[in-house]
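# Understanding the architecture of this molecule
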Amino acid sequence: MVFIMFWVFVGKELKSIARDPKIIIAMFIVPLIIIIVFYAIIGYGLQQQITQAIKESGTVALINLDNDLYSYRFISFLRDIGVEIKLLDPMLSTNISKALEDANTKILYVIPKGFSENITRFFPTSIKIYIKLGSLTIGESSIVDFATRLVERFNDNITATIALEKGIPVEFIRGAITKESYAFIYNKIISNPYILTTFLSLSSFFIPLIVLMLIMMASQLIVTSIAVEKEEKMFETLLSLPINRMSIIGAKLLVSILISIIYMSIYGLALFSYIFQVIGIGIDIGGMEMPYTFSLFILQKDLAITLILNSIGLAVLMLMISLILGIFAEDVRTAQALIGNIIGPLVILAYMPMFIDISGMGQAHRALLSLIPIANTVFISKLAIINDTVAMYIAGLSNIVYGAILFLVIRKIVNSETIFTMKLKRFKKQRMVEI
Amino acid sequence: MMSKDIVYVKDLVKIYPNGIKGADGVSFNIKEGEVFGLIGPNGAGKTTILRVIATVLQPTSGEVMVSGYDVVKEANMVRKIISYLPEDAGAYKYLTGLEFLEFIAKLYSHRETSIEKIIEEGIKISGLGERLKEKIKSYSKGMLRRLLVARTLMVNPVLAILDEPTSGLDVVNAIQVRNSIKIYAKEKNVTVLMSSHNMLEVEYLCDRVGIIYKGKMLAIGEPKELKESYEAQNLEEVFVKLIGRAL
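To start, this report covers the structure provided alongside it. Quick caveat: nothing in here was measured; it's all calculated off a predicted structure. (Residues numbered from 1 in each chain as written. Chains lettered and ligands numbered in written order. Predicted model: local features only at pLDDT ≥ 70, side-chain atom pairs only at ≥ 80, totals over all residues. Heavy atoms only, no water.)

### A word on the packing of aromatic side chains
Heads up, the rule is: Only Phe, Tyr and Trp rings are paired, with Trp represented by its six-membered ring, and only when their centres lie within 6.5 Å; those with planes under 30 degrees apart are stacked, over 60 edge-to-face, the remainder tilted. The buried label applies to any residue whose accessible area, calculated with a 1.4 Å probe on protein chains only, is under 20% of its type's maximum; exposed applies above 50%, and partly exposed to all values in between. The rule is short: NZ of Lys or CZ of Arg within 6 Å of the ring centre and within 35 degrees of the ring normal puts a charge over the ring.
Applying the stated criterion across every chain yields a total of 10 aromatic pairs over all chains. Measuring from ring centre to ring centre gives 5.2 Å for B:F28 and B:F36, while their planes differ by 10°; the resulting arrangement is stacked. Given a relative accessible area of 4%, B:F28 falls into the buried group. Looking at B:F36, the relative accessible area reads 0%, which means it is buried. Both rings, one in B:Y92 and one in B:F100, keep their centres 6.2 Å apart while their planes meet at 70°; by these two values the pair is edge-to-face. One aromatic cluster in this structure is built from A:F9, B:Y92, B:F100 and B:F103. The ring centre of B:Y92 lies 3.6 Å from the NZ or CZ of A:K12, which sits over that ring. Geometry around B:Y204 places B:K182 over its ring, the cationic atom sitting 4.7 Å from the centre.

Pasting the structure below:
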């Protein structure tokens, strides 16, 4: 019977939310607009600009003050790779602005006098690159990159040619000394530590962000959902209905979590993939390195277990905090202000681990840090690296314990008149103020 | 034949956390099928008493039973047999009137046939007709109150608790609500406990009244008896005389 009433209430919640224009707009229409604008339009626009920039880069202007072997080789090199060249009057080297105007190109190379002689004598030399910027768009930044790379490629070409002429291996000229880096962490040797540090840095930033977005969403929904009962003046009625009060709470929790998961799945992942695409950040770990690095984590059973436990516990804890705030809030505005004022600062805890070095700490200190909710979610991966299983399990279980304690407190409040008198007390205070 | 007591209140005291006394040793009982009115000025304690009986608040001391169930120890059983309409009640504005009635009906019954009958009863009591298919947010105050009275009475409770059922309504809607209460109470033999400021309404609807002032029950009786005892033209005069004595 309790089960049936629970689902009756879930049905009512879903109907109300689906028909509430404020929620539809805030949760679906606005994010949809943001995604369409950023992902489709701006992404498309970016694509167009880069295409246009590449097209414009296909023709370059060149002032050759050297007129010798290697400057001619540079010109041939450019032509061989399909770049069209407009050779300009050397007199224009003193008036670059006019040179670019006359040439009507985005890129101008000026090869100085003595260029070839320097190379012949093995002295470093340079080519001046002038880029005409107009619209200051992202597309134009790729032109700068393109112009620079052409010179770099010619440099590689020349050094390889000279090396061959002298009988020196090209690989030696390009990089006489290479590096092989390893990280040694608690009896484990990990090659290419850059991969690990990159992963840790990104996970320290993005994992908390994703988790917290989900929790903030659910918290907002649950707190608003309870406050709405008061605003719609159904709260007192609900307390007298033949429905288990915890079923009401459970139904609101379920609906809030469901909607948050849907929201995060659709929009959170789409948004993050856009961010990664635009910024160009990726974990460049190469084909061989990835299995080894990640195997440290995947094969670490303790890490997987404790992360799952911790995440569940964190979600439970944050939702319980939101529930308590919702019960005390008089209306939706107060509820949302409470969430912002209390949950918001808690977010800071998620970034604590970025700045704390746990490797030098004693076990007792690490255990204490593992007790800090929210922060311990990010600590777990660091604890796994230093192999502190005890602290990992403390971190894994502590959030669940906190959530369970709060749940018991909430159950006591909900099943007593406190759930009503807390509201009533404030109401009476307001009435006295009005008199 | 002696009617059994549906409501039994003995020495009810309710003190709020801030020290205010909502009820101060109140005792009364209500017989099956009776319409009992609680009357008194603002802040007298009427709503407090109704809330205790409706299991929204818990008594500080005293005994309160509804159909033999203790409102504290057996609150869940009490909630199954009562239906409570607060003075300041609302409804879910994004549901239609019909959906709202269906939602309430499903909380009181789980059999399809019973649910349908309850909803039909709700439609009849509300008198809102086709407007029930519209969202509640489009309803006027009077329509909303009629819907709420309907949802309170349609479940055929053992005890219906109505706090100022016609509060804020115009004459037409107030008459409609009063008639619904009267007809339903008599037809279905539902016991009704209501509070009101409107003495005419109380005299029209109630079989017996209890006069409350500053948390204390000053008098209980049939309106006619009270007027005769206190040589008053109406219940207002009875009230004024009782307060004079209380002071």
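Right, picking up where we left off after that structure.
### Comments concerning the side chain of B:R151
Inclusion rule: Only DSSP runs of H or I covering at least 4 residues are called helices, and only runs of E covering at least 2 are called strands; the numbering of each starts at the N terminus. Counted as positive: Lys and Arg. Counted as negative: Asp and Glu, with His and the chain ends omitted from the count. Salt bridges are defined by distance alone: a side-chain nitrogen of Lys or Arg within 4 Å of a carboxyl oxygen of Asp or Glu.
With respect to the secondary-structure elements, B:R151 resides in helix 5 (residues 141–153). With no salt bridge to any partner, buried B:R151 finds its closest opposite charge in A:E236, at an N-O distance of 9.3 Å.

### Describing the nonpolar core
Buried together is how nonpolar side chains tend to be arranged in soluble globular proteins. The test is simple: Buried Ala, Val, Leu, Ile, Met, Phe, Trp, Tyr and Cys residues form a nonpolar core when they are joined through side-chain atoms within 4.5 Å. Contacts are assigned to residue pairs that have any heavy atoms within 4.5 Å of one another.
Core analysis: the largest hydrophobic core is formed by 75 residues, its most contacted members being B:F100 and B:V192. Per element, the largest residue contribution to this core is seven residues, and it comes from helix 3 (residues 97–108) of chain B. Setting aside residues up to four positions removed in sequence, B:F100 forms contacts with A:M234, B:G90, B:A91, B:Y92, B:L95, B:I136, B:L147, B:L148 and B:R151. Residues A:I324, B:L12, B:V71 and B:I212 belong to the second largest nonpolar core, which totals 51 residues.

### Section: the pairing of strand 2 (residues 84–87) of chain A
All names here are of chain A. Short version of the rule: Two strands pair under a simple rule: DSSP has to find at least two bridges between them. When the strands point away from the viewer and the connection leading from the first strand across the helix to the second strand turns clockwise, the crossover is called right-handed.
Where strand 1 (residues 59–64) lies against strand 2, four bridges are found, and the strand directions are parallel. The partner of V60 across the bridge, within strand 2, is I85. Crossover strand 1 to strand 2 through helix 3 (residues 69–80) is right-handed.

### A word on the pattern of salt bridges
Two side chains that carry opposite charge are able to pair once their charged atoms sit near each other. Residue and element names in this part refer to chain A. This structure, assessed with the given rule, holds 26 salt bridges over all chains. As a salt-bridge pair, R121 and E117 come within 3.2 Å of each other at their nearest N and O atoms. Under the relative-accessibility criterion, E117 is labelled partly exposed at 42%. One salt-bridge network, in which partners are shared between bridges, spans K12, E13, E229 and K252.

### Here's the deal with the sheet that holds strand 3 (residues 35–39) of chain B
Residues and elements named next belong to chain B. Stated precisely, the cut-off is as follows: Between N-to-C directions, angles cover 0 to 180 degrees, with each direction set by a line fitted to C-alpha atoms, over the stretch in contact for helices.
Read from one edge to the other, the open sheet built from six strands follows the order 6-7-8-3-9-10, with strand pairing classed as mixed. Two strands in the sheet have a free side with no partner beyond their single neighbour: strand 6 (82–85) and strand 10 (216–221). Each strand of the sheet is rotated relative to its neighbour by a mean of 15°, with strand direction disregarded. Pairing of strand 3 with strand 8 (residues 191–196) involves five bridges; the strand directions are parallel. Across the sheet, residue F36 finds its bridge partner in strand 8, namely L193.

### Overview of the interface of chain B and chain A
Rule in force here: By convention, the term buried area covers the 1.4 Å-probe accessible surface removed from two parts as they join, with the contributions of both added. Here a polar contact is taken to be a pair of N or O atoms separated by no more than 3.5 Å, where protein atoms must pair a possible hydrogen donor with a possible acceptor and residues adjacent in sequence count only if both atoms sit in side chains. Any residue outside Ala, Val, Leu, Ile, Met, Phe, Trp, Tyr, Cys, Pro, Asp, Glu, Lys and Arg is labelled polar, Gly included; the first ten of those are nonpolar and the last four are charged.
Taken together, the contact between chain B and chain A spans 34 residues of the former and 32 residues of the latter. The junction of chain B with chain A conceals about 3,200 Å² of combined surface from both sides, 62% of it contributed by carbon and sulfur atoms. Its largest share of buried area at the contact with chain A, chain B owes to B:Y92, B:Y94 and B:L107, together 23% of the area lost on that side. The interface formed by chain B and chain A includes five salt bridges. In this structure, A:K15 engages B:E99 in a salt bridge whose closest nitrogen and oxygen atoms are separated by 3.9 Å. One can count 13 residue pairs in polar contact (both at pLDDT 80 or more) joining chain B with chain A. At the level of elements, helix 2 (75–81), strand 6 and helix 3 of chain B are the ones that each hand at least two residues to the side of chain B that touches chain A. Residue contributions to the side of chain B that touches chain A peak at seven residues, all from helix 3 of chain B. Looking at the side of chain B that touches chain A residue by residue, the classes come out as 18 nonpolar, six polar and 10 charged.

### Observations regarding the pairing of strand 3 (residues 107–111) of chain A
Residues and elements named next belong to chain A. In terms of residue burial, strand 3 counts as a mostly covered element, since five of its five residues are buried. Along strand 3, one buried face is formed by I107, Y109 and I111 and the opposite face, lined by L108 and V110, is buried too. The pairing of strand 1 with strand 3 spans five bridges and is classified as parallel. By the bridge assignment for strand 3, N64 is matched with I111. When strand 3 meets strand 4 (residues 128–131), the two strands line up antiparallel, connected through four bridges.

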